[in-house]
Amino acid sequence: VADKKYEDAFNYANQALALTKEISDSWGIALNLHNLGDICLRIGKNEDAMGYFRQSLEISIEIGWEIGNNLNKLNIIYLETRGKPFVEDGIRQIKEIMEQLEKSGSIDYLPYGNMYIGIIYFEKKNMEKAKVHFAGANKIAEKIKLHEIVEKTKEYISKIDGIK
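Every chain is numbered on its own, with residues counted from 1 as its sequence reads. For this predicted model, a pLDDT threshold of at least 70 governs which residues receive local features, and a threshold of 80 or more governs which side-chain atom pairs are given and counted, while totals over whole chains, interfaces and linings are taken from all residues. Just so you know, side-chain values use all the structure's heavy atoms and leave hydrogens and water out.

(A) The arrangement of the packing of helix α7 (residues 127–144) against helix α8 (residues 147–163) in detail. An axis is simply a line fitted to the C-alpha atoms; with a helix, the fit covers only the stretch in contact. Between two such axes, the angle follows the N-to-C directions and lies from 0 to 180 degrees. Note on conventions: DSSP H or I runs of at least 4 residues are helices, E runs of at least 2 residues are strands, and numbering of each starts at the N terminus. Interaxial distance between α7 and α8 falls to 9 Å at its minimum, and their mutual angle equals 155°. In terms of orientation, α7 lies roughly antiparallel with respect to α8. The two elements α7 and α8 meet at a crossing, and its hand is left-handed. Residues Met127, Ala130, Lys131, Phe134, Ala135, Ala137, Asn138, Ala141 and Glu142 of α7 touch α8, and the partners they reach there are Ile149, Val150, Thr153, Lys154, Tyr156, Ile157, Ile160, Asp161 and Ile163. In this scheme, roughly parallel covers angles under 35 degrees and roughly antiparallel covers those over 145, while 65 to 115 is roughly perpendicular and the rest are oblique. Here a crossing is taken to be left-handed if its near helix is turned anticlockwise relative to the far helix by less than a right angle, and right-handed if that turn runs clockwise. Contact between two residues is taken to exist if any of their heavy atoms lie within 4.5 Å; hydrogens are not considered.

(B) Layout of the nonpolar core. Remark: nonpolar core denotes a set of buried residues (Ala, Val, Leu, Ile, Met, Phe, Trp, Tyr, Cys) joined through side-chain atoms within 4.5 Å. Burial classes follow relative accessibility: with a 1.4 Å probe on protein chains only, a residue under 20% of its type's maximum area counts as buried, one over 50% as exposed, and anything between as partly exposed. Residues Tyr78, Ile94 and Phe134 are the most contacted members of the largest nonpolar core, which totals 47 residues. Residue assignment for this core shows that the elements contributing at least two residues are α1 (2–22), α2 (26–42), α3 (46–63), α4 (66–82), α5 (88–103), α6 (110–123), α7 and α8. With residues near it in sequence (within four places) discarded, Tyr78 still touches Leu41, Ile94, Tyr116, Ile119 and Ile120.

(C) Structural view of the packing of aromatic side chains. Here the aromatic set is Phe, Tyr and Trp, taking the six-membered ring for Trp, and pairing holds for ring centres within 6.5 Å; pairs whose planes are under 30 degrees apart are stacked, those over 60 apart are edge-to-face, and all others are tilted. Applying the stated criterion to the full structure yields five aromatic pairs. Both rings, one in Phe10 and one in Tyr52, keep their centres 6.3 Å apart while their planes meet at 70°; by these two values the pair is edge-to-face. Of the two residues, Phe10 sits in helix α1 while Tyr52 sits in helix α3, which places them 42 residues apart along the sequence. Judged by centre distance (4.5 Å) and plane angle (10°), the rings of Phe134 and Tyr156 are stacked.

(D) Structural context of the packing of α6 against α7. Running from N to C, α6 and α7 cross one another at 160°; their axes reach a closest spacing of 8 Å. Classified by the angle their axes make, α6 and α7 are roughly antiparallel. For α6 against α7, the interelement crossing comes out left-handed. Listed contacts from α7 to Leu110, Pro111, Asn114, Met115, Ile117, Gly118, Ile119, Tyr121 and Phe122 of α6 are Met127, Lys129, Ala130, His133, Phe134, Gly136, Ala137, Ile140, Ala141 and Ile144. Its residues placed into classes, the contact of α6 with α7 shows 14 nonpolar, four polar and one charged. Three categories are distinguished: nonpolar for Ala, Val, Leu, Ile, Met, Phe, Trp, Tyr, Cys and Pro, charged for Asp, Glu, Lys and Arg, and polar for the others, with Gly belonging to the last.

(E) A look at unusual backbone geometry. A positive phi angle, close to 60°, is found at Ser24, a residue other than glycine. By relative accessible area, Ser24 is classed as exposed at 58%. A positive phi angle, near 70°, is found at Lys125, a position not held by glycine. Following the sequence through the fold, Lys125 ends up in the loop between α6 and α7.

(F) Focus on the side chain of His34. Of note, His34 is situated in helix α2. In this structure, His34 is in contact with Phe53, Ser56, Leu71, Asn72 and Asn75, ignoring residues within four places of it in sequence.

(G) Structural view of the pattern of salt bridges. A carboxyl oxygen of Asp or Glu within 4 Å of a side-chain nitrogen of Lys or Arg is what we treat as a salt bridge. In total, this model carries 10 salt bridges according to the counting rule given. In this structure, the salt-bridge partner of Arg92 is Asp89, at a minimum N-O distance of 2.4 Å. Of the two residues, Arg92 and Asp89 both sit in helix α5, three residues apart, roughly one turn of that helix. Between Arg92 and Glu96 there is a salt bridge, with its nearest N and O atoms 2.6 Å apart.

(H) Representation of the layout of surface pockets within the structure. Computed from the structure, the largest pocket encloses a volume of approximately 310 Å³. Of the two site types, the cavity is a set of points on a 1 Å grid over the protein atoms alone where a 1.4 Å probe fits but cannot get out, and the pocket is an open set with protein on both sides within 12 Å along at least five of seven lines, each lined by residues with an atom within 4 Å of a point. Leu41, Arg42, Met115, Ile119 and Lys152 are the residues nearest the centre of the largest pocket, which is lined by 16 residues in total. For the lining of the largest pocket, a count of residues per class yields nine nonpolar, two polar and five charged. Roughly 210 Å³ of volume is contained in the second largest pocket. In terms of lining residues, the second largest pocket is bounded by Leu31, His34, Asn35, Asp38, Arg42, Trp65, Leu71, Leu74, Asn75, Tyr109, Tyr112 and Tyr116. Looking at the lining of the second largest pocket, the elements with two or more residues in it are α2, α4 and α6. For the lining of the second largest pocket, the element with the highest residue contribution is α2, accounting for five residues. Taken together, the residues of the lining of the second largest pocket sort by class into seven nonpolar, three polar and two charged. Grid points are joined across faces, edges and corners, and a volume is the space filled by probe spheres set on the points.

What follows is the structure, given as structure tokens:
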């Protein structure tokens, strides 16, 4: 069922992208490219996600859409950092973007940054730091009712607790 929902979401976002291109709506194009990247990220199509985020970032910079710029950078840095042996620079960049998002009042996106950092630490087997970031993501996500993030971070915290 979830696969079908993501497939439907991808198709709707593609249709919306086509319509925004048809009317030359740069902001709509950037938003829909970002949404396509987000859908690909959620279903594990990371290379496709990276392509959509990069296209959206380019347009976001061009039109001065600061939140879009930061959200795309957040996702790009997350995807680039996951495969590297040394992750501290990527994590620092994610934290800087999170600060910018918080300053602009975009707190809805902060749980994603914390969750991304948690996943990076989890994959690098640094469970202590991973758990701190998952807990941070969970706290904010519960407060603003981002149920998907709450469930995902609880799942990771359970995995970490099971390892100890």
